[in-house]
Amino acid sequence: MNTHHEHTGPTDEQQITLRGPAELADALPYMMGFHPNDSIVLVALHGSRGRFGGRLRLGIPRSPREWSPVAEQLAECLIEGSERRGSRPDGIVVFLCQDPADGETSRSVMERLRPLAQRLRTACGTLEVPVYEALCISDGRYWSYCCPDVRCCPPEGSALALPGTSVMAAAAAYVGVQVRGSLREMEGRLAPWTTPAASDQEKALDTAGSALLPRILDGTGREQVAAETLALARRLMKRIAETPRDGGRAESDVADDRLIAHDEAAAVILGLQDRDTRDRAAEWMEGADAEPALRLWRALARRCVGPYSEHAAAPLTLAGWVAWSTGDEPGARVALGLALRVDPEYVFARLLHQACNEGLDPEALRSCLRTDRGTRASARTRRGARPHRSRPRQVRPATRKPTTGKKEHPSAGTRPGGTAAGNRSRARRRSGQRGTRSGR
């Protein structure tokens, strides 16, 4: 068995040693910050002692025909990303995580995914980085695709350790690392409503789009809409901040939803489609602003219902940015991955997702935003507090790009998807009946 060392703190004294597939499988949710169901996860190893480095997650493609190109892209992304951070990996650990479908057993999941594991091993080996271990985790059990020893890796698989009983769980508790549930649960907090209230929210978005489009197309009106959007978002943040949070995450989300009227949500969602407005909203990323802003962006993402699903790219990206800025990297990756799922070409989300995955420090961007805010404040003072008149940008109706046959960007951690209903909504929005979006 291979032995891998995971740094759990800033000093060399804070180390734990993971021995064998069982402890590697148990360590995965602590490395990711959540249980990565339905996922491929690649983790880079560095040095003779196998120190964990960069990690990459992607949803398992539904079609086996996609497995080979996806494996090649993932191997290339992880290795090149590690090199950009200063060190080429000496090895890689592969995890395939998927629970059984109806009528399927966990062992059949393992056998079905075996060709995918082999493609990943081949892709990494082609780039001269060996895969030291490849594990399948399904329904509370794990299998090794690399270990031939049936004494430690029997054909029927082995049960995962009980939660909280492993050496990794003890080390994580010591340094304050938390597992935020499953990936599915984290994505659910940002998913569009499916309740009867979604119909009322869609009507509010229709009404707001009809009212705002003529104003946004006018240069002067666009500036006024931006000011109104930011002022309304500020009021909603204040309302959220002044409301105590009771219960768990689900109860808190429901409480936040109740604080925001349909027309208020629609106005801010559509206003954030303007790039300048979105960038100014991104300044609420630290201090007392951070938590209410994050709760607001999550709530607005849930309001992007029906044909307005692509509009969620803006609030999802803002949610990912605030999460990353405040040190919640797992939450940031999930939000940014969802933003790229609804709009793979959303540039702000792509840049943030890449920077987060590469372990860059968000302080550089925070500093730029602080400078921009100070520059505007100084300009308003010199002009006698007159509003800033920016150069008008092109504004176009929102359109969803076809996803059939298109592979997603590997760093998004998502799978492509599309529906007939989505195609119908695209046609309606091209005709100008729906909301508007501008530069990304």
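Preceding block: the structure.
Conventions adopted
Residues numbered from 1 in each chain as written. Predicted model: local features only at pLDDT ≥ 70, side-chain atom pairs only at ≥ 80, totals over all residues. Heavy atoms only, no water. Axes fitted to C-alpha atoms, helices over the stretch in contact; angles between N-to-C directions. Helix = DSSP H or I, 4+ residues; strand = E, 2+ residues; numbered from the N terminus. Parallel < 35°, antiparallel > 145°, perpendicular 65-115°, else oblique. Left-handed = near helix turned anticlockwise from the far one by under 90°. Contact = heavy atoms within 4.5 Å. Nonpolar A, V, L, I, M, F, W, Y, C, P; charged D, E, K, R; others polar. Core = buried A, V, L, I, M, F, W, Y, C linked by side-chain atoms within 4.5 Å. Buried < 20%, exposed > 50% of the residue type's maximum accessible area, 1.4 Å probe, protein only. Pairing = 2+ DSSP bridges.

Undergrad: Teacher, can you tell me more about the packing of helix α11 (residues 290–302) against helix α12 (residues 313–325) here?
TA: Between two packed helices, the angle of one axis relative to the other and the distance separating the axes together describe the packing. At a closest axis distance of 8 Å, the pairing of α11 and α12 adopts a crossing angle of 150 degrees. In terms of their interaxial angle, α11 and α12 are classed as roughly antiparallel. As α11 packs across α12, the resulting crossing turns out to be left-handed. Judged by residue contacts, Ala-290, Leu-294, Trp-297, Leu-300 and Ala-301 of α11 engage Pro-315, Leu-316, Leu-318, Ala-319, Val-322 and Ala-323 from α12. Classifying every residue of the contact of α11 with α12 gives 11 nonpolar, no polar and no charged.

Undergrad: Is there a simple way to explain the packing of α12 against helix α14 (residues 347–357) in this structure?
TA: Direction vectors running N to C along α12 and α14 enclose 25 degrees, while the axes themselves pass 10 Å from each other. Taken together, the axes of α12 and α14 are roughly parallel relative to one another. In the packing of α12 onto α14, the handedness of the crossing is left-handed. For the pair formed by α12 and α14, the contact residues are Thr-317, Trp-321 and Trp-324 on the first element and Phe-348, Ala-349, Leu-352, Ala-355 and Cys-356 on the second. Of the residues in the contact of α12 with α14, the class split is 7 nonpolar, 1 polar and no charged.

Undergrad: Would you take a moment to explain the nonpolar core for this structure?
TA: In this structure, Phe-95, Leu-296 and Trp-297 are the most contacted members of the largest nonpolar core, which totals 82 residues. Of all the elements, α12 adds the most residues to this core, at 9 residues. When neighbours within four sequence positions are excluded, Trp-297 is seen to be in contact with Leu-272, Ala-281, Trp-284, Pro-315, Leu-318, Ala-319 and Val-322. Counting residues in hydrophobic clusters, the runner-up holds 30 residues, among them Leu-42, Ile-79, Ile-92 and Val-109.

Undergrad: Hey, could you run me through the pairing of strand β7 (residues 141–144) in this one?
TA: As a general feature of sheets, a regular strand has side chains that alternate between the two faces. Looking at chain direction, strand β6 (residues 131–138) and β7 are connected through 4 bridges and run antiparallel. Among the inter-strand pairings, Cys-136 is bridged to a residue of β7, identified as Trp-143. Counted between consecutive antiparallel strands, the loop separating β6 from β7 contains 2 residues, among which Asp-139 sits at a positive phi close to 55 degrees. The pairing of β7 with strand β8 (residues 158–159) spans 2 bridges and is classified as antiparallel. The partner of Arg-141 across the bridge, within β8, is Ala-159.

Undergrad: When you look at the pairing of strand β4 (residues 51–59) in this model, what are you seeing that I'm missing?
TA: Burial analysis of β4 places 8 of its 9 residues in the buried class, the great majority of the element. Sheet topology places strand β3 (residues 39–46) next to β4; 7 bridges connect them, and they run antiparallel. The residue of β4 that forms the bridge with His-46 is Arg-51. Where β3 folds back on β4, the antiparallel hairpin that results is connected by 4 residues, among which Gly-47 adopts a positive phi of roughly 80 degrees.

Just distances and angles here, no functional claims.
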